[in-house]
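# Descriptive analysis of the structure
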Amino acid sequence: MKEENVKTVLMNPNIASVQTNEVGIKQADTVYFLPITPQFVTEVIKTERPDGIILGMGGQTALNCGVELFKRGVLKEYGVRVLGTSVESIMFTEDRQLFSDKLNEIKEPIAPSFAVESVKDALEAADKIGYPVMIRSAYALGGLGSGLCPDKETLTDLATKVKALAMTNQILVERSVVGWKEIEYEVVRDAADNCVTVCNMENVDAMGVHTGDSIVVAPCQTLSNEECQMLRAVSIKVVRHLGIVGECNIQFALHPTSLEYVIIEVNARLSRSSALASKATGYPSGFHRCQNCLGNSSTRN
């Protein structure tokens, strides 16, 4: 942003970040050491009156906050344009039902799932899918107690815990794909619809182990060229259909002995995977995300 001579206001509760250096070109013009919540962000917007805001650089917390500001009408009230991926596209990736509907439009498979808001409905959904099932929270920051449920007793216990821990009432009950390969593709798309697949990554552990607890290798070591090209083509197709601008990653579960796959999720933001991909390939995902955000807007503040 500084290289493009854009005045930048940074909200960052992490005072150890390089973005807050006192000297150097990476210094933001103004820094607020405040929590990323709708209340605090609204006050900063009132004070600084920015032309635009970037949501995809602050992880899941920033996405959740941006969606809430959009729903409350704060961004519209103060004329703040969301740079890069729109809030609508973010909502497509975060709300499980919207995500399912969007992928159905292009006939791409996801694991059969139901988004419910009570333990009772979760049990009914599991009966329709068939045990074992995976359960987790929508809009989740980390695992939040998510896991595999082989029977009703486990599901009842885990669903109760997830609902207590979660930041939203939405519980996701999904078909289990434990034992399938877990593959991710890092994709960058600009406003002109050019797409680059930065790299693919493979979890050493199969599906069933939380990504944060598994070693990830880039590039993938066990994919055939056919599998690699198939998932690459699907990644670009999905990212274009969702309207993502900037960097994102798409996570697949791939059957170990066939070409069957399902799409687990799309993160319409920089993530831990983005950092790993950048270090493994030397491709600066964060830098190019900012470039794409600026390329999609005339904002200078």
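Quick notes on the rules
Residues numbered from 1 in each chain as written. Predicted model: local features only at pLDDT ≥ 70, side-chain atom pairs only at ≥ 80, totals over all residues. Heavy atoms only, no water. Pairing = 2+ DSSP bridges. Helix = DSSP H or I, 4+ residues; strand = E, 2+ residues; numbered from the N terminus. Axes fitted to C-alpha atoms, helices over the stretch in contact; angles between N-to-C directions. Contact = heavy atoms within 4.5 Å. pLDDT = per-residue confidence, 0-100. Buried < 20%, exposed > 50% of the residue type's maximum accessible area, 1.4 Å probe, protein only. Arc of directions from axis to C-beta.

Taken in spatial order, the four strands of this open sheet run β5-β8-β6-β7, and their pairing is antiparallel. Of all strands in the sheet, those bounded by a partner on one side alone are β5 (113–116) and β7 (147–149). Recorded for the sheet is a direction-independent mean angle of 25° between the axes of neighbouring strands. By the bridge criterion, four bridges tie β5 to strand β8 (residues 171–175) in an arrangement that is antiparallel. Paired with Ala-115 across the bridge in β8 is Leu-172. Across the face of the sheet, helix α6 (residues 119–129) comes into contact with β5, β6 (133–137) and β8 while running at roughly 170° to β5.

Per-residue confidence for the chain gives a mean pLDDT of 83; residues scoring 70 or more make up 85%. Looking over the chain, one finds the lowest element-wise mean pLDDT in helix α10 (residues 285–295), namely 63, and the highest in helix α8 (residues 225–242), namely 96.

What follows concerns the pairing of strand β12 (residues 246–254). Of all nine residues in β12, nine are buried, a share of seventy percent or more. Taken together, the nine bridges between strand β9 (residues 181–189) and β12 define a ladder with antiparallel strand orientation. Residue pairing in the sheet places Arg-189 in a bridge with Gly-246 of β12. When β12 meets strand β13 (residues 261–267), the two strands line up antiparallel, connected through six bridges. Residue pairing in the sheet places Leu-254 in a bridge with Tyr-261 of β13. Count of turn residues in the β12/β13 antiparallel hairpin: six residues.

Reading across from one edge, β11-β10-β9-β12-β13 is the order of the five strands in this open sheet, with antiparallel pairing throughout. Each of the sheet's edge strands pairs with one partner strand only, and the pair in question is β11 (216–217) and β13. By the bridge criterion, two bridges tie strand β10 (residues 195–203) to β11 in an arrangement that is antiparallel. Within the sheet, the bridge partner assigned to Asn-203 lies in β11 and is Val-216.

To continue, consider helix α1 (residues 38–48). Among the residues making up α1, those that are buried are Pro-38, Val-41, Thr-42, Val-44, Ile-45 and Glu-48. Mapping the buried residues of α1 onto a view down its axis gives an arc of 165°, with all of them on the same face. In the core, the buried residues of α1 are packed alongside β1 (9–11), β2 (30–32), β3 (52–53), α2 (59–72) and α3 (74–77). Arg-49 lies just past α1 and shows a positive phi near 50°.

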